[in-house]
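Spelled out, the chains give:
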Amino acid sequence: QFPFGRRLPCDIYWHGVSFHDNNIFSGQVNKFPGMMETVRKITLSRAMRTMQDLFPLEYNFYPRSWILPEELPLFVAEVRMMKDSNPSWKPTFIVKPDGGCQGDGIYLIKDPSDIRLTGSIQSRPAVVQEYICKPLLVDKLKFDIRLYVLLKSLEPLEIYIAKDGLSRFCTEPYQEPTLKNLHQVFMHLTNYSLNIHSGNFIHSDSVNTGSKRTFSSILCRLSSRGADVKKLWSDIISLVIKTIIALTPELKVYYQSDIPAGKPGPTCFQILGFDILLMKNLKPMLLEVNANPSMRIEHEQELSPGVFENVPSPVDEEVKVAVIRDTLRLVDPLKKKRKDTHTLVCGSVPMAGLAGMSSEALPEPTPSAVLCRRCQSLEQAPGARQELPDAPPSPEAALPSLCLKQVFPKYAKQFSYLRLVDRVAALFIHFLGVKGTTKLGPTGFRTFIRNCKLSNSNFSMAAVDILYIDITRRWNSMGLDHKESGMCLQAFVEAFFCLAQKKYKSLPLHEQVASLVELCECRLAALHGKRLAWGCH
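Residues numbered from 1 in each chain as written. Predicted model: local features only at pLDDT ≥ 70, side-chain atom pairs only at ≥ 80, totals over all residues. Heavy atoms only, no water.

### Some details on the overall build of the chain
Regarding its fold elements, the chain presents 16 helices and 19 strands. Here the chain, with 537 residues, has 47% of them falling under the buried criterion. The long-range fraction of contacts in the chain, counting pairs at least 24 apart against all pairs at least 6 apart in sequence, stands at 64%. Accessible area for the chain stands at about 28,000 Å²; split by element, carbon and sulfur atoms hold 56% of it. (Helix = DSSP H or I, 4+ residues; strand = E, 2+ residues; numbered from the N terminus. Buried < 20%, exposed > 50% of the residue type's maximum accessible area, 1.4 Å probe, protein only. Contact = heavy atoms within 4.5 Å. Areas by Shrake-Rupley, 256 points an atom, 1.4 Å probe, with all protein chains shown as cover.)

### Examining the pattern of salt bridges
Tallying each qualifying case throughout the model produces 25 salt bridges. Between Glu155 and Lys252 there is a salt bridge, and its shortest N-O distance comes to 2.9 Å. Of the two residues, Glu155 sits in the loop between strand E8 (141-153) and strand E9 (158-162) while Lys252 sits in helix H8 (residues 229-258), which places them 97 residues apart along the sequence. By relative accessible area, which is 60% here, Glu155 ends up exposed. Residue classification places Lys252 among the buried positions, given a relative accessible area of 16%. For Glu298, the salt bridge identified is with Arg296, shortest N-O distance 3.2 Å. Overall, Glu298 belongs to the partly exposed group, its relative accessible area being 27%. Taken together, the shared-partner salt bridges in this structure form one network comprising Asp144, Arg146, Arg168 and Asp275. (Salt bridge = Lys/Arg side-chain N within 4 Å of Asp/Glu carboxyl O.)

### Structural notes on helix H15 (residues 489-503)
Compared with an ideal rise of 1.5 Å per residue, which puts 15 residues at 21 Å, H15 spans 21 Å between its outermost C-alpha atoms and is within 8% of the ideal. Buried residues of H15: Leu489, Gln490, Ala491, Phe492, Val493, Ala495, Phe496, Phe497, Leu499 and Ala500, and no others. (Expected span 1.5 Å × (residues − 1).)

### Focus on the nonpolar core
Generally speaking, a soluble globular protein has its nonpolar side chains buried in company with each other. With 101 residues, the main nonpolar core has Phe274, Phe445, Phe448, Phe496 and Val513 as its most contacted residues. Two domains each provide a minimum of three residues to this core, namely domain 1 (35-63 + 132-301 + 310-334) and domain 2 (418-530). Those residues in contact with Phe496, other than ones at most four positions away along the chain, are Val424, Leu427, Phe448, Val513, Leu516, Val517 and Cys520. Counting residues in each nonpolar core, the second largest holds 16 residues, with Leu166, Phe269, Val323 and Val331 among its members. (Core = buried A, V, L, I, M, F, W, Y, C linked by side-chain atoms within 4.5 Å. Domains from an automatic or database assignment.)

What follows is the structure, given as structure tokens:
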């Protein structure tokens, strides 16, 4: 602790809220710039919708969503059309304020006309989603899962998932929504911060019982009933990877703005909280992603009216301590140094040759017992019978095995085809021009069209300007960010999709976009090659 501040830079900075809590110029920070904005309900819904447009089957784990107030007419029209085509369809919808957390402001409706059209919907936009009416129940209660995901690196993409999470239960037996029970939050909303105020909330010293349990205890229970728990985990891993892939384009735009390439700056990592609901058929559905999941390992207990004390929570402690401990182990800046030193000094050197030998004089390994000086790990070759001296255990040896499992790039091959919007974002960033900006000006958009040779007799530069103005004006009117003028990434993606549909009319959307991306990348590579050639003469 440095109560009077610290002059020397740190290896790791642990910020409470966001990347901008402090000005950091080196080391590692536990927040990515722009993460809070990227996982807000509206931004997340937009990103997921873009991916659903491209890959509808792969992204069917996110409920159908509409953004209020701008899509209210669309919401009303689509619900009416679906009801007309299927009169037996009796939907329920859940309205979530964009900036809300801990269940604040969430309510259920049966019809679009039930939306509370007060002044607050204008000043406080929201997402309305189809409510999942048939969740998996345990002890007749609805529950959700909080899984902890470590985004260790953005470029290259590196994702870890904690092997255990929390299951957070409602406190009233579940019934499918009706007009009579829509308002019963303890039945329908799994938020811990809401249910803690229920008289039925149970604090338990066991990880298998109570209103908050470990996810592993739920998996054990499902497994004992014959459920395919391996497939469930595989589906959850797939959901997490696909969600991160949907978020990375926006994050890369924020990242290059705050930490421009080629300039000194910190690297980032971040622990995210994924809230997942299991349907009756064990299909996982993504509810939301939390940029600042609570890491508290105790809860408040009222001793007497108005007098509280903090009481340890065994469930929180079991899951969260492991997540933070192993995050620090994975980002440990000294780990690589130790590894490099281990390779340099120890290699695989015969024990007999270790004593009194300089690192320059290390011989080639021969078949015998091999001891690593730093980690004291032993390789026993066949037939070797040497006695080893006692050695102190390494710090790592005293720790449990990692609770964080790498899922990307481990499964990169299976998901790389989904990273189309990442490539569109790379084009966007390429033409931003000014370092530190997140919006593309009209000149940058024209340069993109010109350099990629996308204008022709059917699509003049005047038409290019009209496309830019129309899309940019509409996105800016949504009031998302007035700090700087220009075209945001989401607007550029829409314009790019529009260009792809014009150029490749007969193909499905993802093939149209992939074809245009490849065309742009090839033409820019050729242009870059020409410039390099010119530079040589």
